[in-house]
Amino acid sequence: MEVRLLLLALICLHAAPRWASAQQPEEATVIVKGSTRIAETDENYVCATIDWWPPEKCNYNQCPWGQSSILNLDLDHPFLAQAIQAFDNLRIRLGGSLQDRVVYDVGTESPCSPFRNVSNGLFGFSVGCLGMDRWDKLNDLFQKTGAIVTFGVNALYGRYNVRRSIWAGKWNSTNAYDFVKYTISKGYPVGSWEFGNELSGHGIGAKVDAKLYGKDVVEFKSILRQLYKAPLSQPLLLAPGGFFDQQWYSQLLQTSGHGVVNALTHHVYNLGGGDDVHLIRKILDPKYLDRAEDTYRDMQLTIQRHGTWASAWVSESGGVFNNGGLLVSNTFINSIWYLDQLGMASKYNTKVFCRQTLIGGNYGLLDTQTFRPNPDYYSALLWHRLMGNGVLSIDVIAPRRLRAYAHCRRQQQGITLLLINLSNTTGYNVTLQNDINVSLGKRPNLEKGSSFTQRLRKAVSWLGSKPSSDTKKREEYHLTAKDGNLQSKTMLLNGVPLELGDDGSVPAMNPVLVVVDSPLYLAPTSIAFVVLPKFEAKACS
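- Under an unreviewed UniProt entry, the name given to the protein chain is Heparanase-like protein 1, and the organism recorded is Panicum virgatum.
- In its Function (unreviewed entry) section, the UniProt record describing the protein chain reads: "Endoglycosidase which is a cell surface and extracellular matrix-degrading enzyme. Cleaves heparan sulfate proteoglycans (HSPGs) into heparan sulfate side chains and core proteoglycans."
- Under the UniProt heading Sequence similarities (unreviewed entry), the entry covering the protein chain gives this text: "Belongs to the glycosyl hydrolase 79 family."

Laid out in structure tokens, this is it:
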């Protein structure tokens, strides 16, 4: 046993960056409560967006969109299809700021023109057009890759601007009606339709009164019920796709009524603008990250009070608004923010979490120019493959810079833990415990004066009541930045760079197998997924 523990310690020290051993690791305990689920996500919780922004969308003297919009993305690029297929069924949301200025080239006589810069347009752009040949080609990609589609509908069509950002008038549903009808006639499986983008509350660019919005949502629901003949074939209706405003969202639910809005959608950009020089500090600050929890909690309460028939979705979340942060949103450090948000949102019964973007801007999961994955792509893929839809409660006995989330294992027995270390100087020896076998708050005696081997021995706790010789291993997936550079675009998995094959194939993401009852070392500013196949969790059986 002593030889095995010493070998594990050597492996941990070898796998950690050189600077990680500069400070003595601290001890931490994570206690998982596996008797009940505190929340559930959708099976396809991880989602990514494709936006409408043309190449001319610029902020801070940066124009990072290139050819990555719904209208001009290279849909035949071999890396794109493989990146989507790796998720089996990736949920993709088509939408964004300009969706409320899109007309659909079906049943109209006007020429189908792209967006162009205009001084008096919403966000500085004219009305744009989606041609049906382009819609056909998009659906070829979605059907080939197994994507689950959410489409954001123009909710300003027919309205007029009365003053500043306030829009009034009844929504004109004719263009949306013709577009949905065409989509059904072609057999394109849209899983959900989202009504409008960032028109709620104070709005972003434009805003619409909640009562007026609610009446128009009722009309759109009527269209979906009329055109999708079979009840079981009807897609979900999502709204309003904006920033959460409790009073506005409550009024929307009350006006639209029972069973109309299937999912209440909101956006999360809690890190600030892309020119903020403090982005990295914010990502590593637990107090700052915790601020987002209020939004998830308030959303849950709003649904419980005013719309129990609806669920909560994050339909867009880039963290950093205005295109994302260059050399932050597309580097390793952003995975700490991203995975923490996935974990935090899931605790409040958020069913779907859409990342802005799959490709485009500085926050794309894929690089806009090369289509190669940025670090967050691999983080999203690991979550999708390892974290199931059952969310478990945990107790963490450690400084606040250790973040931890627990889910039932995806489609298999056991649980998966997500551990995130926000400290850039301190590593943690983490003891994993099951609350059915240990008293809450009880932790092993870990005297600093004892030898490292003794401390490892005392930290051991069995994670099930009936161990057998062939089930004493757990899987560990440690994510770190190449060369310890938090702004590296290369992520290491268990010390090995994650890189595409020459043909664009996604690399295998294999775990290291570790004795189940040994402590776990989490290096500074690192992330770890830990799979415990035989962990006793009644909520996951």
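## Thoughts on a nonpolar patch on the surface
Inference 1: The grouping of F123, I204 and F243 at the surface amounts to a nonpolar patch, some 220 Å² of accessible area in total.
Inference 2: Mapping F243 onto the fold places it in the loop between β10 (236–242) and α6 (246–256).
Inference 3: Using a relative accessible area of 30% as the deciding quantity, one classes F243 as partly exposed.

## Observations regarding the sheet that holds strand β3 (residues 91–94)
The strands making up a sheet associate through hydrogen bonds between their backbones, and the pairing can be parallel or antiparallel.
Inference 1: Pairing is parallel around the closed barrel formed by eight strands, whose spatial order is β2-β3-β6-β9-β10-β11-β13-β15. The mean angle between the axes of side-by-side strands here comes to 30°, regardless of whether they run parallel or antiparallel.
Inference 2: Across three bridges, strand β2 (residues 46–50) lies against strand β15 (residues 350–355) in parallel orientation. Within the sheet, the bridge partner assigned to A48 lies in β15 and is R355.
Inference 3: Strand contacts of helix α4 (residues 174–185): β6 (148–153) and β9 (190–195), with the helix running at about 170° to β9, the strand carrying the most contacts.

## Quick look at the state of the cysteines
Inference 1: Under the defined criterion, the tally for this structure stands at four disulfides.
Inference 2: Covalent S-S linkage joins C47 and C354, the inter-sulfur distance amounting to 2.2 Å. Note on the C47 and C354 pair: the S-S dihedral is about 85°, so by sign convention the disulfide is right-handed. Of this pair, C47 sits in strand β2 while C354 sits in strand β15, and the two are 307 residues apart along the sequence. Accessibility assignment for this pair places C47 and C354 in one class, buried.
Inference 3: Disulfide pairing is shown between C408 and C540; the S-S distance is 2.0 Å. Sign of the S-S torsion, about -80° for the bond between C408 and C540, identifies this disulfide as left-handed. Taken as a pair, C408 in strand β17 (residues 402–409) and C540 in the segment after β25 (527–532) lie far apart in primary sequence, 132 residues in all. Just as C408 is buried, C540 falls in that class too.

## Quick look at unusual backbone geometry
Inference 1: Along the chain, A239 connects to P240 via a cis peptide bond; the corresponding omega equals 0°.
Inference 2: Turning to its location among the elements, P240 is positioned in strand β10.
Inference 3: A cis amide bond links Q356 to the next residue, T357, at an omega of 5°.
Inference 4: Here T357 is to be found in the loop between β15 and α11 (375–386).
Inference 5: For D483, which is not a glycine, the phi torsion comes out positive at approximately 60°.

Here is what the cut-offs are and how they apply
Residues numbered from 1 in each chain as written. Predicted model: local features only at pLDDT ≥ 70, side-chain atom pairs only at ≥ 80, totals over all residues. Heavy atoms only, no water. UniProt positions renumbered as here; feature names shortened; annotations may be inferred. Patch = residues over 30% accessible without salt bridge, like charges linked within 9 Å, V, L, I, M, F, W, Y side chains within 5 Å. Areas by Shrake-Rupley, 256 points an atom, 1.4 Å probe, with all protein chains shown as cover. Salt bridge = Lys/Arg side-chain N within 4 Å of Asp/Glu carboxyl O. Helix = DSSP H or I, 4+ residues; strand = E, 2+ residues; numbered from the N terminus. Buried < 20%, exposed > 50% of the residue type's maximum accessible area, 1.4 Å probe, protein only. Pairing = 2+ DSSP bridges. Axes fitted to C-alpha atoms, helices over the stretch in contact; angles between N-to-C directions. Contact = heavy atoms within 4.5 Å. Disulfide = S-S within 2.5 Å.

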